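Residue-level listing of the chains:
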Amino acid sequence: MLFVKYISDVWQDHYDDYESRFGGDEEKIRRRLEREKFVLPAGSTFPALYAQRNATNLGEVIDVALEAVEDANVAKLRGVFRNISFNSDNLGNTRQRNERLKNLLNDFNDPRLDMRPSRIGNLDIIGNAYEYLIGKFAADAGKKAGEFYTPPEVSELLARLVDPQPGDRICDPACGSGSLLIKCAQRVGDGNYSIYGQESNGSTWALAKMNMFLHDISNARLEWGDTLNEPRLVAGDRLMTFEVVVANPPFSLDKWGAERAAADRYGRYWRGTPPRSKGDYAFISHMIATMDATRGRVGVVVPHGVLFRGGAEGKIREGLLKDDLIEAVVGLGPNLFYGTGIPAAVLFIHRDKPAARKGKVLIVNGDKDFVPGKNQNALSEENVAKLARAVHDFADKELHCHVVGLAEIRDNDFNLNLSRYVQTEAPPPSMALPGSPWLASLTQGPADG
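Scope of this entry: the structure provided in the associated data block. Because the structure is predicted, anything quoted here is derived from the model rather than measured. (Residues numbered from 1 in each chain as written. Predicted model: local features only at pLDDT ≥ 70, side-chain atom pairs only at ≥ 80, totals over all residues. Heavy atoms only, no water.)

Here we take up the overall build of the chain. Check the secondary structure of the chain and you find 18 helices and 11 strands. The dimensions of the chain, computed from C-alpha atoms along their principal axes, are 105 × 50 × 45 Å. For the chain, the residues scored as buried account for 49% of the 449 residues in total. Taking all contacts inside the chain whose residues are at least 6 apart in sequence as the whole, residues at least 24 apart take part in 72%. (Helix = DSSP H or I, 4+ residues; strand = E, 2+ residues; numbered from the N terminus. Buried < 20%, exposed > 50% of the residue type's maximum accessible area, 1.4 Å probe, protein only. Contact = heavy atoms within 4.5 Å.)

One face of the sheet, then the other: side chains in a regular strand alternate in exactly this way. For strand 2 (residues 194–199), a buried count of 5 out of 6 residues is recorded, marking the element as mostly surrounded by other parts of the structure. Two strands pair when backbone bridges link them, and strand 1 (residues 169–172) and strand 2 are joined in this way by 4 bridges, in the parallel orientation. By the bridge assignment for strand 2, cysteine 171 is matched with tyrosine 196. Read as a crossover between parallel neighbours, the route from strand 1 over helix 10 (residues 179–188) to strand 2 is right-handed. For strand 2 and strand 3 (residues 221–224), the ladder comprises 4 bridges, and the chain directions are parallel. Among the inter-strand pairings, glycine 197 is bridged to a residue of strand 3, identified as leucine 222. Remark: the strand 2/helix 11 (residues 202–214)/strand 3 crossover connection has right-handed handedness. (Pairing = 2+ DSSP bridges. Right-handed = clockwise from strand over helix to strand, strands pointing away.)

Our next topic: the packing of helix 12 (residues 280–289) against helix 14 (residues 311–322). Across the interface, helix 12 lies against helix 14 with an axial gap of 10 Å and an inter-helix angle of 25 degrees. Comparing the axis directions of helix 12 and helix 14 gives the class roughly parallel. Along this stretch, helix 12 crosses helix 14, giving a crossing that reads as left-handed. Here helix 12 contributes Asp280, Tyr281, Ile284, Ser285 and Ile288 to the contact with helix 14, which in turn contributes Glu313, Ile316, Arg317 and Leu320. Here the residues of the contact of helix 12 with helix 14 sort into 5 nonpolar, 1 polar and 3 charged. (Axes fitted to C-alpha atoms, helices over the stretch in contact; angles between N-to-C directions. Parallel < 35°, antiparallel > 145°, perpendicular 65-115°, else oblique. Left-handed = near helix turned anticlockwise from the far one by under 90°. Nonpolar A, V, L, I, M, F, W, Y, C, P; charged D, E, K, R; others polar.)

Positionally, glutamate 153 belongs in helix 9 (residues 152–162). Lysine 183 is the oppositely charged side chain nearest to the buried, salt-bridge-free glutamate 153, at an N-O distance of 7.6 Å. For glutamate 153, the side chain forms a polar contact with the main-chain nitrogen of leucine 379, separated by 3.5 Å. If we ignore the near neighbours within four places in the chain, the residues touching glutamate 153 are Ala378, Leu379 and Val384. (Lys, Arg positive; Asp, Glu negative; His and termini not counted. Salt bridge = Lys/Arg side-chain N within 4 Å of Asp/Glu carboxyl O. Polar contact = N/O pair within 3.5 Å; in protein donor to acceptor, adjacent residues only side chain to side chain.)

Moving on to the packing of aromatic side chains. For the structure shown, the criterion picks out 9 aromatic pairs. On the basis of an interplanar angle of 55 degrees and a centroid distance of 5.6 Å, the ring pair of tryptophan 256 and tyrosine 269 is categorised as tilted. Taken together, the positions of tryptophan 256 in the loop between strand 6 (244–247) and helix 12 and tyrosine 269 in the loop between strand 6 and helix 12 put the pair 13 residues apart, joining distant regions of the chain. We classify tryptophan 256 as buried; its relative accessible area is 2%. Every member of this aromatic cluster is reached through a ring pair, and the members are Phe3, Phe38, Phe81 and Phe213. The lysine or arginine in question, lysine 5, covers the ring of phenylalanine 46, its NZ or CZ lying 5.5 Å from the ring centre. Sitting over the ring of tyrosine 50, arginine 53 keeps its end group 4.0 Å from the ring centre. (Phe/Tyr/Trp six-rings, centres within 6.5 Å; stacked < 30°, edge-to-face > 60°. Lys NZ or Arg CZ within 6 Å of the ring centre and 35° of its normal.)

This part takes up unusual backbone geometry. Phi at aspartate 216 is positive, roughly 60 degrees, even though this residue is not glycine. Positionally, aspartate 216 belongs in the loop between helix 11 and strand 3. Positive phi outside glycine occurs at phenylalanine 414, with the angle close to 60 degrees. Relative to the assigned elements, phenylalanine 414 resides in the loop between helix 16 (406–411) and helix 17 (418–421).

All right, on to the pattern of salt bridges then. Applying the stated criterion across every chain, the model contains 31 salt bridges. For arginine 30, the salt bridge goes to glutamate 34, with nearest N and O atoms at 2.5 Å. One end of the pair is arginine 30 and the other is glutamate 34, both in helix 2 (residues 26–34) and 4 residues apart, which spans about a single turn. Among the residues examined, arginine 30 registers a relative accessible area of 36% and is labelled partly exposed. Between arginine 276 and glutamate 259 there is a salt bridge, with its nearest N and O atoms 3.4 Å apart. Highlighted residues: arginine 276 in the loop between strand 6 and helix 12 and glutamate 259 in the loop between strand 6 and helix 12, separated in sequence by 17 residues. Accessibility expressed as a relative area gives 51% for arginine 276, which makes it exposed. Here the salt bridges do not stand alone but share partners, grouping Asp168, Arg169, Glu243, Asp292, Arg295 and Arg297 into one network.

In space, the 9 strands of this open sheet follow the order 3-2-1-6-7-9-8-10-11, with mixed pairing throughout. A single partner strand is all that each edge strand has here, and the edge strands are strand 3 and strand 11 (401–405). Here the strands of the sheet are splayed against their neighbours by 15 degrees on average, with no regard to which way each runs. Sheet contacts for helix 15 (residues 381–393): strand 8 (326–331), strand 9 (344–350), strand 10 (360–365) and strand 11; angle to strand 10, the most-contacted strand, approximately 160 degrees.

Written out as structure tokens, the structure reads:
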């Protein structure tokens, strides 16, 4: 409903502007409105819905209006409303449903929710409000929330690590509601970028489409489908490639399609097939296969097990390290993500690492870098800046980060467990001075048996 109210207010703003310019000539106004990037059919505006708030079939009235909006804007909104119904029994019986929907329309008719651009001035007010509502829903949605929403401060960290530049193509193969893509787009700033994404959940894909529109990203190509088993971002018989690939894929996805990996037509799993019950490296392999051959950068959120688990995952990790693709591993604090309290990490992968970083990996242990919350921890701006700066500086810092050579990693069997390389607690002070009788007694063998 926020989406409907916003597009109605924008449409009204444009209508008022043309009316003042053309002196009420309805034909000229109509022709100009038809050239807008978005078309709102008669009867589908919020005022038209509000005028029918006492209808006995109000849910059906709203559904018909949404269908008309989609039909009038097929290129941008095809399928967006197919999983949404205001006429559902989930809203109660007919009387209850009508009452709830009437209250909803009354709430959005509040003058304080007049969202005409001529009044609010800044489009991001609406986009950010939409993100806020998605976030509030995620906070209440429990385990399912992680499927569609990445906390904004984590998205900001990933965006800073991959550092999208003007002209870059930016992709998220598990885009959820699109918040991570939006953060990357905002880092570019000048609009000179291309946005791509794919999402397997139809309702979440619809959120992403509306989210892009509300953030004035009109050129995003978002596909609905299973990235691992049916990638839609393809060019002929090849996967499309991108300068920036980011994702917060579902952790350790079960039944991700391992049985079909050997016959993958895109050759994504040549370093090894991830375990059937853990799809983390399946997403990583896909992302690496889709990053640009010269300027590709990948930022992906992973559970810590990705850093140290053996078997097939260990072989894939060994291959990535030998190919010198992993530039940094950034460990995050606990309980940052909706639906899980486990700590996560960010892998920063670079197709062509700077010369000074070749043969090395920066390990950042950020398990103390968070702001505790009652139910959910968070990253502050200071935390985000500290973690991003560590990767930018690429230098040792006691109790926080360490530059590790490939030889040392090889000696550790290609295990990237953070605590092997970076301790975040200072060692306890010695209980005795070297050479003291007490210390000597601990190092000598037993006397006389």
